[in-house]
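Observations on the model geometry
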Amino acid sequence: MRRTDPEGHGPVRYGPPLPDQGLPVLPELRAVLAAAADRADAEPSGGGPALLDAACGYWARRGLAAAPDRVAAAPGAPALLLALTGALGGDVLVPRPCAAWWAPQARLLGRSVFHVATPAECGGVPDPYALLETVRRVRAEGGDPRLLVLSVADDPTATVAPPEVVHESVEAAVAEGLHVVSDETWRDTLHRPHDTVLLSPAEMLPGEVTVVADLAGAFLPQGWPAAVARFPDNDWGVQLRARVLDVLTTLGAWVAEPVAAAAAYALGEPAGVTERLTTAARLHARVATAAHHAVVVSGAIARPPQAGRHLYVDLGPLRSALGAQGVGDAQDLEDFLTARLGVPAPGGHRFGDDLAALRVRLGTGPLLGATDAERAECLTSPSPLELPHVQRALTLLGSAFDDLRDDAQRWEPPR
């Protein structure tokens, strides 16, 4: 059974962050943070009362009842996942591809990570039959699988898993004795919220699932690290939360009080926050659709993005043209496109994909402009795709992929 490579090709300490919002900080959030700036302390381990109450309200509005003693906060989702992995023990299963920060948490603790194939229609959730076969093989080889991490709204693929796929995968995991961690960082960034059904695994089996959400996905800037976790509402969930708090305390993973104030305010979802969230999701959806069109007309392959600020592109059909440019694997492709586009284009190997596969994650945030003024204009314009700076960015993206398509056609053998 193939484990995650401990290092891999390229700079091993480079981990692509969550796709950037590419937008100015919401003024209300700036004001809340500034008002709390004289608070020099950190929150208690696991978060203070105001932040935990806000998290409970956030989940209750999404059909997931929560109490403060079933919730915890930390300075970012990686700290929460590290604490959960340490508390649960055993080996970890993740879909292929998956968020870049999942596997390093387990490897840091010396745990083995096993990637499981995803179904054709989505990423983020393992194919249930592949999951069962992986668990069987891991155990046959002496492994101890205990944890499955998945995401119904996915980074890197930007897809949303259909409810029936979530049902089958989670039921298979629980039947095999795995605890499920559902990363729901991107659940509030759906491109078509009225047409897309998002099912949290915690709605299915609330006693078997821990939900994690990094607030940098929808609510806060990346430089204000805060994340929340919702534990199962049973005795075992209480014990798991206690162990997680022990790990967070050992790590010194406390949320700074000014950031906690901003996080609590955002999770309360006042009108200004919800309006920005809706406007930003709509903006990124339009830009992602345009970027998706630009890459698929060149012959590359990408699922239509459904959530988040990114898309995941397979340039395998353009391999001949890329080979002529010296691109032979995902690291080469990352270097080539990052230089060509002038924005980060992390290769699929960063997300647990095969190094030989020519896949990258492209973000929509860098396409919104280079200054706060340009980005703010995108929020207020009725036609953001027609703004000159957005047009230029999309044209550069399209021309890069068109050049590869033209080169690939020249390299095709005569019929």
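Let me sum up the structure you'll find in this document. (Residues numbered from 1 in each chain as written. Predicted model: local features only at pLDDT ≥ 70, side-chain atom pairs only at ≥ 80, totals over all residues. Heavy atoms only, no water.)

Per the secondary structure count, the chain includes 14 helices and 10 strands. Expected size for 415 residues packed as a compact globule is a radius of gyration near 22 Å; at 21 Å, the chain falls within 12% of this value. Expressed as lengths along the three principal axes of its C-alpha atoms, the size of the chain is roughly 70 × 55 × 40 Å. Looking at the 415 residues of the chain, the share that counts as buried comes to 56%. At a minimum sequence separation of 6, the contacts of the chain that also span at least 24 residues come to 74%. Total accessible area on the chain stands at roughly 16700 Å², and carbon and sulfur atoms take up 54% of it. (Helix = DSSP H or I, 4+ residues; strand = E, 2+ residues; numbered from the N terminus. Rg over C-alpha atoms; globule rule 2.2 N^0.38 Å. Buried < 20%, exposed > 50% of the residue type's maximum accessible area, 1.4 Å probe, protein only. Contact = heavy atoms within 4.5 Å. Areas by Shrake-Rupley, 256 points an atom, 1.4 Å probe, with all protein chains shown as cover.)

Turning to the packing of helix H5 (residues 128-140) against helix H6 (residues 163-175), a few remarks are in order. Direction vectors running N to C along H5 and H6 enclose 20°, while the axes themselves pass 8 Å from each other. Classified by the angle their axes make, H5 and H6 are roughly parallel. Relative to H6, H5 is oriented so that their crossing is right-handed. Residues Pro-128, Leu-131 and Leu-132 of H5 touch H6, and the partners they reach there are Glu-168, Ser-169, Ala-172 and Ala-173. Its residues assigned to classes, the contact of H5 with H6 comprises five nonpolar, one polar and one charged. (Axes fitted to C-alpha atoms, helices over the stretch in contact; angles between N-to-C directions. Parallel < 35°, antiparallel > 145°, perpendicular 65-115°, else oblique. Left-handed = near helix turned anticlockwise from the far one by under 90°. Nonpolar A, V, L, I, M, F, W, Y, C, P; charged D, E, K, R; others polar.)

Let's shift gears to the sheet that holds strand S3 (residues 113-117). On the basis of which strands lie adjacent, the open sheet formed by seven strands has the order S1-S7-S6-S5-S4-S2-S3 and mixed pairing. Here the strands that pair on one side only, and so sit at the sheet edges, are strand S1 (71-74) and S3. The sheet shows a mean angle of 25° between the axes of neighbouring strands, direction not considered. Where strand S4 (residues 145-150) lies against strand S5 (residues 179-183), four bridges are found, and the strand directions are parallel. Residue pairing across strands places Leu-148 opposite Val-180, the latter belonging to S5. Contacts from helix H2 (residues 49-60) reach S1, strand S6 (209-214) and strand S7 (227-230) within the one sheet, and its direction differs from that of S1 by about 115°. (Pairing = 2+ DSSP bridges.)

All right, on to the packing of aromatic side chains then. Applying the stated criterion across every chain yields a total of four aromatic pairs. Arranged with centres 6.3 Å apart and planes meeting at 90°, the rings of Trp-101 and Trp-102 form a pair that is edge-to-face. For Trp-102, a relative accessible area of 3% puts it in the buried group. Ring plane angle 90° and centroid distance 6.2 Å describe the contact between Tyr-312 and Phe-351, whose orientation is recorded as edge-to-face. Taken together, the residues Tyr-312 in strand S9 (residues 310-314) and Phe-351 in the loop between helix H12 (330-341) and strand S10 (359-363) connect sequence positions 39 residues apart. (Phe/Tyr/Trp six-rings, centres within 6.5 Å; stacked < 30°, edge-to-face > 60°.)

Across the sheet, three strands lie side by side as S8-S9-S10; this open sheet has antiparallel pairing. Of all the strands in the sheet, just strand S8 (301-302) and S10 have a single pairing partner and so form its edges. Taken together, the five bridges between S9 and S10 define a ladder with antiparallel strand orientation. Across the sheet, the residue bridging to His-310 is Gly-363, located in S10.

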